[in-house]
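The primary structure of each chain is shown beneath.
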Amino acid sequence: MKIIKVDNYNEASAKAFEVFKNQIITQPESILGLATGSTPRKLYEMMIEDHQTNGTSYKQVKTFNLDEYVGLDGADEQSYEYFMNHNLFDHIDIDKQNTHVPSGIGDIAKNIADYNQMLKDNPIDLQLLGIGSNGHIGFNEPGTAKDSVTSLVDLKQSTIDDNARLFFGGDVTKVPTQAISMGIANILAAKKIVLIACGQNKADAIKTLIEGKESSECPASFLQSHPDVTVIIDKEAASALK
Ligand code: GLP
C-alpha cells in the first residue's frame, strides 16, 4: 500500500487528480470507478477545470459508481446519480450512456444483477474511494464479507448520521436506510485503487486500514491485500497513525 501524507484537502485532491489525469491521458478508453460524498468534490472540480482549460477528453471513458440510495431517483437532489451529473458529468465531454450509477428505484433485484454483470463485462482500471468514519467503503458497512458483490445493504445509524450532517439538510429522517452498493470483491477487482481521506473524523478508520488487521469490522482493511492501492491522507486523517 502506498501512503501519501499531505497538509490539507486541496493537496490531497491535487494528488488524486494527478493519478486520474495520468490514467486518462495514457489510456483514453479507461474504465473508472467513481465515488460520491464530500471528499471527491474537489477532485471533480479539478477534472472539470482541466477539461475546460486543457481539453482533456472523457469521450471514450466509461464510469461505474460505487453506490446509490434505495428509493431516490436521479432527479432527487440527494441521489448519487444527481450528485455525479451535477458535480462532474454535466461539465465534461463524457457520453452519458457511458456513465453508470446503480438504480435505487424499480426492480432492485434486477438492478443489482444487471450491475454485477456490467462490472464483470467492464473491468475497472482505476477505482476512487472515500471512507466512512466507521471504515466503510462504498456502502460496505462493518460486517461485510470480503467476497461480497453488488447487493442491497442496510445503512448503520452512524452512517445515516454522518451523511445527514453534510447532505439532506441535516435531517436524519430524510436519509434512506438502505442502499445498493458494489461489494468488496467488485472493488478489489479494480486494477488500481486510490482512496482519499481528510479530517479528524477519519483518523480511527485510517489507523485500522493502515495499521490494523484485515477484518470485516473495518471493510476498508480488505484493501491491504490489493497489489496497487494508494491512500492519500491529510494531517488530521493521519493523526492516529504511529
Ligand atoms: C458515503 C459514501 C461513501 C463515502 C462516505 C464518506 O457513505 N457511500 O462512498 O466514502 O460517504 O463520505 P464523505 O466523503 O462525505 O466523508
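Everything below is about the structure printed above this text.
Right, let's walk through the structure included here.

Reading guide: rules and limits
- Residues numbered from 1 in each chain as written.
- Predicted model: local features only at pLDDT ≥ 70, side-chain atom pairs only at ≥ 80, totals over all residues.
- Heavy atoms only, no water.
- Helix = DSSP H or I, 4+ residues; strand = E, 2+ residues; numbered from the N terminus.
- Rg over C-alpha atoms; globule rule 2.2 N^0.38 Å.
- Buried < 20%, exposed > 50% of the residue type's maximum accessible area, 1.4 Å probe, protein only.
- Pairing = 2+ DSSP bridges.
- 1 Å grid on protein atoms, 1.4 Å probe; cavity = no way out; pocket = protein on both sides within 12 Å on 5 of 7 lines; lining within 4 Å.
- Points joined across faces, edges and corners; volume = space filled by probe spheres on them.
- Nonpolar A, V, L, I, M, F, W, Y, C, P; charged D, E, K, R; others polar.
- Near = heavy atom within 4 Å.
- Polar contact = N/O pair within 3.5 Å; in protein donor to acceptor, adjacent residues only side chain to side chain.
- Areas by Shrake-Rupley, 256 points an atom, 1.4 Å probe, with all protein chains shown as cover.
- Sits in = over half its atoms within 2 Å of the grid points.
- Axes fitted to C-alpha atoms, helices over the stretch in contact; angles between N-to-C directions.
- Parallel < 35°, antiparallel > 145°, perpendicular 65-115°, else oblique.
- Contact = heavy atoms within 4.5 Å.
- Salt bridge = Lys/Arg side-chain N within 4 Å of Asp/Glu carboxyl O.

### Quick look at the overall build of the protein chain
Counting its secondary structure elements, the protein chain contains seven helices and ten strands. Its C-alpha radius of gyration of 17 Å places the protein chain within 12% of the 18 Å reference for a compact globule of 242 residues. With respect to the three principal axes, the spread of C-alpha positions in the protein chain is 40 × 40 × 35 Å. For the protein chain, the proportion of its 242 residues judged to be buried stands at 53%.

### Examining the sheet that holds strand β9 (residues 192-197)
The sheet built from seven strands is open, its strands ordered β1-β10-β9-β6-β2-β3-β5 with parallel pairing. Strand pairing shows two members of the sheet lacking a second neighbour, β1 (2-5) and β5 (99-100), which therefore form its edges.

### Side note on the pairing of strand β8 (residues 178-181)
A regular strand places its side chains so that they alternate between the two faces of the sheet. As defined by bridge partners, strand β4 (residues 67-69) adjoins β8 across three bridges and the pair is classed as antiparallel. When the sheet's bridge partners are listed, Tyr-69 is paired in β8 with Ala-179. As defined by bridge partners, strand β7 (residues 151-154) adjoins β8 across four bridges and the pair is classed as antiparallel. Among the inter-strand pairings, Val-153 is bridged to a residue of β8, identified as Ala-179.

### Topic: the layout of surface pockets
If a probe the size of a water molecule is rolled over the atoms, the empty space left behind becomes visible. By volume, the largest pocket is sized at about 480 Å³. Every residue lining the largest pocket is counted, 25 residues in all, and those nearest its centre are Gly-37, Ser-38, Ile-131, Asn-163 and Lys-202. Looking at the lining of the largest pocket element by element, the count peaks at four residues for helix α5 (residues 157-166). Residues of the lining of the largest pocket, tallied by class, amount to ten nonpolar, eleven polar and four charged.

### Things to note about the site of the ligand
If you check the shell around the ligand, you find 13 residues, and the closest are Ser-38, Thr-39, Asp-67, His-136 and Lys-202. A distance of 2.5 Å is found between an oxygen atom of the ligand and a side-chain nitrogen or oxygen belonging to Thr-39. A distance of 2.8 Å is found between a nitrogen atom of the ligand and a side-chain nitrogen or oxygen belonging to Asp-67. Protein chains shield 94% of the accessible area of the ligand, which is 390 Å² for the free molecule. If you map the ligand onto the pockets, it falls in the largest pocket.

### Considerations on the packing of helix α2 (residues 41-54) against helix α3 (residues 80-87)
Each packed pair of helices is defined by two parameters, the angle between the axes and the distance between the axes. As a packed pair, α2 and α3 sit with axes 10 Å apart at the nearest point and diverge in direction by 40°. When the axes of α2 and α3 are compared, the pair comes out oblique. Contact with α2, carried on its side by Arg-41, Tyr-44 and Ile-48, involves Phe-83, Met-84 and Asn-87 of α3 and no other residues of that element. Residue classes in the contact of α2 with α3 are distributed as four nonpolar, one polar and one charged.

### Digging into the pattern of salt bridges
With the rule as written, the count across this model stands at eleven salt bridges. For Lys-96, the salt bridge is made with Asp-90, and the minimal N-O distance between the two is 2.7 Å. The salt bridge involving Asp-125 is made with Lys-191; its shortest N-O contact spans 2.8 Å. Separated by 66 residues along the polypeptide, Asp-125 in the loop between α4 (108-121) and β6 (126-129) and Lys-191 in the loop between α6 (184-188) and β9 bring together distant segments of the chain. On the basis of relative accessible area, Lys-191 is assigned to the exposed category, the value being 51%.

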